[in-house]
Amino acid sequence: MIGAHHSAQRSRRWLPIILRWVGGIGVLGVLLYFLPVATVRKAIAQIPPWLFVVVLLGYLLAHALGIAKWRMVVNAAGAELDFATSAQCYLGGLFGTLFLPSIVGGDVIRLAVGLRRSPRPAGVLAGNVVDRFLDVTAQGGLVLLGLALLPGSVPENLQATARKALLVCVALTVVLVALTFRLHRKLLGGRSIRFRRRLARLRHALRSVARRPQVLLYGWMAGVFIQATFLILTARLAAACGLTLPLRVWLFAWPLAKLAAVLPLTQGGIGVREAALVALLAPFGAASHLVLAAGLVWEGIIIAGGLIAGAVAILLRRGEAASSARGT
């Protein structure tokens, strides 16, 4: 009876993952239904294997910088994590995005490891929030740069849509902050002393980061560099497929497509990212089948990188466990 109950629980845990994978494959299926499959396959075949390997290596190196950035930010909040532990958190999160909804699922893995290993768990939580905020602002900065470089090339309807999206994001942030300040007493009313102490530690960790503006600046600059690296690698794959666009067009469209993929509709944003990129690049004369081909290859880079990250995280954990066993 107990075994059957556990089996049912495991089935329920896997069901959302399966549904998100089915959703992503379904979106790609719809795109391939309306686009000529033969031309998409032909475009993908133009990418030489060595280029795929080089792009994958660049993707992994950019994430190596991401590990250093994440560690810098969480340690500024007081997490006190060494590089090996930070790598386990970060790489485990990168692997987790293949099985959990969007980047939020990856953050769950990061926090699960970091909170357990850090002497100050509040620092891990606060630092991770700040790190994600820096990533979002880095992508927003790339979008604004793309708009600034394309003042007359972006169609009016697309300019209006981008402005509205940015305004909505700003407005939602302002409203959320205002509600937090207005309702914080009601939200905290009746809470236990233990909960209040944890909240105080979290607030202290956030203030620790805020008191180090150089960390925020370096973290933002690293985030811009990482996102720009991903953008350039995607553009290189697209060029190999036969799609050549000015870099300023990619600066505008690619970050918006990635932000769209954050929505937990499909597994890791598969399908959503490609559909958004096709829609955003179409006004610039980009052939939809070439955009989809480049997007599918980039999806392969993400999946391969996530699997490698998971393998490295496991090796780091086993190496640490072996070192601990020898020490005892």
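Each remark here, short or long, concerns the structure printed above.
Per chain, residues are indexed from 1 in the order of the written sequence. Restriction of local features to residues with pLDDT of at least 70 applies here, the model being predicted, together with a cutoff of 80 or more for giving and counting side-chain atom pairs; totals for whole chains, interfaces and linings are based on all residues. Remark: hydrogens and water are excluded; side-chain values derive from all non-hydrogen atoms of the structure.

### So, the packing of helix H6 (residues 121–149) against helix H9 (residues 213–241)
Turning to step 1, where the next piece is worked out: Interhelical geometry of H6 versus H9 gives an angle of 55° and a closest axis separation of 8 Å. Considered as vectors, H6 and H9 are oriented oblique to each other. Handedness of the crossing formed by H6 with H9: right-handed. Of the residues in H9, those in contact with Val130, Leu134, Asp135, Thr137, Ala138, Gln139 and Leu142 of H6 are Leu216, Gly219, Trp220, Gly223, Val224, Gln227 and Ala228.
Turning to step 2, where the next piece is worked out: By the convention adopted, Pro, Cys, Tyr, Trp, Phe, Met, Ile, Leu, Val and Ala count as nonpolar, Lys, Arg, Asp and Glu as charged, and the other residues, Gly among them, as polar. Residues that form the contact of H6 with H9 fall into these classes: eight nonpolar, five polar and one charged. All axes are obtained by fitting lines to C-alpha atoms, using only the stretch in contact for helices, and the reported angles, taken between N-to-C directions, cover 0 to 180 degrees. A run of H or I in DSSP becomes a helix once it reaches four residues, and a run of E becomes a strand once it reaches two; helices and strands are each numbered from the N terminus. The scheme is simple: roughly parallel for angles under 35 degrees, roughly antiparallel for over 145, roughly perpendicular for 65 to 115, oblique for anything else. By definition, turning the near helix anticlockwise from the far helix through less than a right angle yields a left-handed crossing, and turning it clockwise yields a right-handed one. Contact criterion: two residues are considered in contact whenever any of their non-hydrogen atoms come within 4.5 Å of each other.

### Observations regarding the nonpolar core
Turning to step 1, where the next piece is worked out: Tyr59, Leu237, Leu243, Trp250, Leu281 and Trp298 are the most contacted members of the largest nonpolar core, which totals 63 residues.
Turning to step 2, where the next piece is worked out: Counting residues per element, this core draws most heavily on helix H12 (residues 288–327), at 11 residues.
Turning to step 3, where the next piece is worked out: If we ignore the near neighbours within four places in the chain, the residues touching leucine 243 are Ala238, Trp250, Ala286, Ala287, Leu290 and Val291.
Turning to step 4, where the next piece is worked out: Throughout, nonpolar core names a set of buried Ala, Val, Leu, Ile, Met, Phe, Trp, Tyr and Cys residues whose side chains join them through atoms within 4.5 Å. Three exposure classes are used, based on accessible area relative to the maximum for each residue type with a 1.4 Å probe and protein chains only: buried under 20%, partly exposed in between, and exposed over 50%. Ala76, Val130, Leu134 and Val215 belong to the second-largest nonpolar core, a separate cluster that totals eight residues.

### Looking at the pattern of salt bridges
Turning to step 1, where the next piece is worked out: A side-chain nitrogen of Lys or Arg and a carboxyl oxygen of Asp or Glu constitute a salt bridge if their distance falls within 4 Å. Considering all chains together, one arrives at five salt bridges under this definition.
Turning to step 2, where the next piece is worked out: The partner of aspartate 131 in a salt bridge is lysine 69, with the nearest N and O atoms 2.5 Å apart. Here the residue aspartate 131 occupies a position in helix H6, and lysine 69 occupies one in helix H3 (residues 49–76), the gap between them amounting to 62 residues. Note on accessibility: aspartate 131 and lysine 69 belong to one class, buried.
Turning to step 3, where the next piece is worked out: Arginine 120 is paired through a salt bridge with glutamate 80; the nearest N and O atoms lie 3.7 Å apart. You can see arginine 120 sitting in the loop between helix H5 (102–117) and H6 and its partner glutamate 80 sitting in the loop between H3 and helix H4 (83–96), a full 40 residues away along the chain.
Turning to step 4, where the next piece is worked out: What makes glutamate 80 partly exposed here is its relative accessible area of 49%.

### Section: the packing of aromatic side chains
Turning to step 1, where the next piece is worked out: What counts as a ring pair is set by centres within 6.5 Å for rings of Phe, Tyr and Trp (its six-membered ring), and what kind of pair is set by the plane angle: stacked under 30 degrees, edge-to-face over 60, tilted for all other angles. Taken as a whole, this structure holds four aromatic pairs when the rule is applied.
Turning to step 2, where the next piece is worked out: When the centroid spacing of 6.0 Å and the interplanar angle of 55° are considered together, the rings of phenylalanine 230 and tryptophan 298 count as tilted. Remark: tryptophan 298 occurs in helix H12 and phenylalanine 230 occurs in helix H9; sequence separation between them is 68 residues. We note that phenylalanine 230, like tryptophan 298, is buried.
Turning to step 3, where the next piece is worked out: Note on phenylalanine 252 and phenylalanine 284: the rings are 6.0 Å apart at their centroids and 65° apart in plane angle, and the pair reads as edge-to-face. Of this pair, phenylalanine 252 sits in helix H10 (residues 247–260) while phenylalanine 284 sits in the loop between helix H11 (272–281) and H12, and the two are 32 residues apart along the sequence.
Turning to step 4, where the next piece is worked out: Residue classification places phenylalanine 252 among the buried residues on the basis of a relative accessible area of 0%.
Turning to step 5, where the next piece is worked out: By relative accessible area, phenylalanine 284 is classed as buried at 18%.
Turning to step 6, where the next piece is worked out: Grouping aromatic residues by their ring pairs yields a cluster made of Tyr59, Phe230 and Trp298.

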